[in-house]
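Topology and contacts: notes
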Amino acid sequence: EALEKGGYDHFMLKEIYEQPHSIANCMRGRIDHERKKINLGGISEYAAKLLTAKRIIIVSCGTSWHAGLVGEYLIEEYARIPVEVEYASEFRYRHPIINQDDIVIAISQSGETADTIAAIELAKRAGATILGICNVVGSSIPRLSHTGMYTHAGPEIGVASTKAFTAQVTALSLLALYLAQQQERLPLSKITSLLTALETAPALITTCFQSNALIQHIAGEIKDSTNCLFLGRGINFPVALEGALKLKEISYIHAEGYPAAEMKHGPIALIDEQMPVIVIATKDSSYDKIISNIQEVKARKGKIIAIITEGDTVIRAIADYIIEIPPCEEALTPILATIPLQLLAYHIAVMRGCNVDQPRNLAKSVTVE
Ligand code: G6P
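Reading the values: rules and limits
Residues numbered from 1 in each chain as written. Predicted model: local features only at pLDDT ≥ 70, side-chain atom pairs only at ≥ 80, totals over all residues. Near = placed C-beta within 6 Å. Helix = DSSP H or I, 4+ residues; strand = E, 2+ residues; numbered from the N terminus. Nonpolar A, V, L, I, M, F, W, Y, C, P; charged D, E, K, R; others polar. Expected span 1.5 Å × (residues − 1). Buried ≥ 20, exposed ≤ 12 C-beta atoms within 10 Å, placed from the backbone. Arc of directions from axis to C-beta. Contact = placed C-beta atoms within 7 Å. Axes fitted to C-alpha atoms, helices over the stretch in contact; angles between N-to-C directions. Parallel < 35°, antiparallel > 145°, perpendicular 65-115°, else oblique. Left-handed = near helix turned anticlockwise from the far one by under 90°. Pairing = 2+ DSSP bridges. Right-handed = clockwise from strand over helix to strand, strands pointing away. pLDDT = per-residue confidence, 0-100.

1. Focus on the site of the ligand
Looking at the ligand, there are 16 residues lining it, with G62, T63, S108, S110 and T113 nearest. Sorting elements by how many residues they give to the shell around the ligand places helix α5 (residues 62-79) first, with three residues. Across the shell around the ligand, the residue classes break down as five nonpolar, ten polar and one charged.

Encoded structure:
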């Protein structure tokens, strides 16, 4: 087993560090560098159906559901097709309206999650087209889907999903850009700059690893907390959800992810000097708004840990701790901002003596309802 961990203490850490690689694998062969075009061979047969879809419904569970939320932002922004994101376990039991011209995207690392499979079967009976985004080749969901994309992140052993999530977001980015490109909706220059950004992701993730020692230090400062709040806005709201989920799963600290503006409708009541508040506050379209949210936390003496864009001096001056990520296209921030949150959860769990790779009560793949 030590050999399989490749010198890392845990599979989770190994898988975090594999992300420059896994993301490159997810993109391999799908980007025509010269023509700055996306080729998704597997789904080209269904391209017409995808492009005329009135609606896309994403069904998934856990971390894959968070990837689906990022996908909603990307597909609506670039392809302007309405997207709904559903927990498969809710969708399958609530008599949903499914039309024949709906596309159902099922996202799953394992390809075996029982609720996601049941949601697909329901949607198939209603005549929808199913597009699976899965990691495990030959698993049930790709076999049940009409078409799909593999994420090619490689085997994920740690129960808490890391590299599978960033590969899912990569696959969804490619899909959103593919749809935009087919529709000729976005100017070519925009598609080119987004593709260039995606191609730089592996190198930028490697830069994010430089903060590991700092993140370990911050982990030591907050490891004894009983609660943590994660805030984000826009495309980084799902990242806040994912950061909170990682912490809960492996460190057993209660954590909540919230859209930063919703904080005033409840969670703000919890903030005092005992409460670490982790904010994704990169220089994107929500930047000014998130600064006000940070100030609201500061006024109530919350301990602020901000994920910021390298060189930002404004938030550096307000926050208790800052973790920098390199400047990038907004569409890429979910992938980059996720890296420090994975490392933070990892170090806290290790310091608390938790079983990082196999947390209590959790399974890698939930094949029962
Ligand atoms: C379990 C795993 C999670 C995963 C979820 C969905 O809860 O512990 O890491 O996100 O199932 O699994 P899937 O394989 O469908 O992505």
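2. Remarks on helix α13 (residues 287-299)
Compared with the 18 Å implied by 1.5 Å per residue over 13 residues, the 19 Å span of α13 between its first and last C-alpha is a close match. Residues of α13 that are buried include every one of I290, N293, I294 and V297, and no others. Across the axial projection of α13, the buried residues extend over an arc of 100°, all falling on one side. The exposed set on the far side of α13, more than 90 degrees from its buried face, consists of D288, S292, Q295 and A299. Buried residues in α13 make contact with β8 (227-232), β10 (276-281), β11 (303-309) and α14 (313-318).

3. Quick word on the packing of helix α12 (residues 237-251) against helix α15 (residues 333-351)
The geometry of a pair of packed helices is captured by two quantities: the angle between their axes and the separation between those axes. With their axes 9 Å apart at the nearest point, α12 and α15 run at an angle of 20° to one another. One way to sum up the angle between α12 and α15 is to call them roughly parallel. As for the relative orientation of α12 and α15, their crossing is right-handed in sense. Listed contacts from α15 to P238, V239, E242, G243, K246, L247, I250 and S251 of α12 are P334, A337, T338, L341, Q342, A345, I348 and A349.

4. A word on the pairing of β10
Most of β10 sits inside the fold, with six of its six residues counted as buried. Burial of β10 is two-sided: the residues P276, I278 and I280 facing one way and the residues V277, V279 and A281 facing the other way are all buried. Pairing analysis gives three bridges linking β8 to β10, with the strands arranged parallel. The partner of L229 across the bridge, within β10, is V277. Note that β10 and β11 share six bridges and pair parallel. Residue I278 lies in a different strand from β11, and its bridge partner there is I305. Each parallel crossover has a hand, and the one from β10 via α13 to β11 is right-handed.

5. Quick look at the sheet that holds strand β12 (residues 321-325)
The strand order across the open sheet built from five strands is β9-β8-β10-β11-β12, with neighbouring strands paired in parallel fashion. This sheet does not close on itself; its edge strands, each paired only once, are β9 (254-259) and β12. Each adjacent strand pair in this sheet contributes to an overall mean axis angle of 20°, direction not counted. Pairing of β11 with β12, which is carried by five bridges, proceeds in the parallel orientation. Paired with I308 across the bridge in β12 is E324. Across the sheet, helix α11 (residues 212-222) touches β10, β11 and β12, and the angle it forms with β12 is around 150°. On the sheet, α12 packs against β8, β9 and β10 and is oriented at approximately 175° with respect to β9.

6. Remarks on the confidence of the model for the chain
Looking at the chain, the pLDDT average stands at 96 and 100% of residues meet or exceed 70. Interface confidence in the predicted complex, given as ipTM, is 0.98; pTM for the same model is 0.97.

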